[in-house]
Amino acid sequence: MSSRVRGTLPRPRAEGIGLARFNALTREDALASLLSCCGSRRWAERVAEHRPYPDPESLLAASDEACYDLTAAELDEALAEESLSSQPLVGARGPGTLAAHTALRAAHAEYERRFRHVFVICLDGYRDEELLDQVLSGIRTRLGNEPDEERAVAADELRRLTRGRLTRLTASGP
């Protein structure tokens, strides 16, 4: 599961349309689908202009390259598109959950005050019951980073989130 930490994408996203259908989308539809994966307009334009992709690996490589090439302003744009909905993390139940969510809200506020952007973390590969612990651990650790170091970490987490979203987007549909 990829997560922005507390929620889902704020804009509609096409999931499971398959690579062939993605390649065949109009430019406008491709941009809309790509912007649901990463909020940088330049990133979406770069990825869209290189279609058709022969295989998912080529698409992911193009995405990574475009992510690595984001300017500071483009990274800010992408991070600004990440949502902090109030939905709890999946699997966050049981004793201590309310206290953990209170701690998480406080950590988010401190993170945003310190770094001036939302906290992003890729949670692919973790079980539902591990998500809250991973987020709490990640944000506590990263609050100790220097601003430049944290920008690099956030950019890499955003790249990983984008890869997961693209993988789901181009998976074969139901």
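Refer to the structure printed above.
Rules behind the numbers
- Residues numbered from 1 in each chain as written.
- Predicted model: local features only at pLDDT ≥ 70, side-chain atom pairs only at ≥ 80, totals over all residues.
- Heavy atoms only, no water.
- Salt bridge = Lys/Arg side-chain N within 4 Å of Asp/Glu carboxyl O.
- Helix = DSSP H or I, 4+ residues; strand = E, 2+ residues; numbered from the N terminus.
- Buried < 20%, exposed > 50% of the residue type's maximum accessible area, 1.4 Å probe, protein only.
- Disulfide = S-S within 2.5 Å.

A. Structural view of the pattern of salt bridges. Considering all chains together, one arrives at 14 salt bridges under this definition. The closest approach of N and O atoms between Glu-65 and Arg-46, which form a salt bridge, is 3.5 Å. Here the residue Glu-65 occupies a position in helix α4 (residues 56–68), and Arg-46 occupies one in helix α3 (residues 41–49), the gap between them amounting to 19 residues. Here Arg-113 ties to Glu-110 by a salt bridge, and the two come within 2.6 Å at their closest N and O atoms. Here the residue Arg-113 and the residue Glu-110 both occupy positions in helix α6 (residues 97–115), the gap between them amounting to three residues, near one helical turn. Judged by its relative accessible area of 52%, Arg-113 is exposed. What you see here is one network of salt bridges that share partners, running through Asp-64, Asp-156, Arg-159 and Arg-163.

B. Layout of the state of the cysteines. Overall, the coordinates contain zero disulfides when judged by the stated rule. The thiol of Cys-37 is not disulfide-bonded; the next cysteine sulfur, from Cys-38, is found 8.4 Å away. The exposure class assigned to Cys-37 is buried, which follows from its relative accessible area of 2%.

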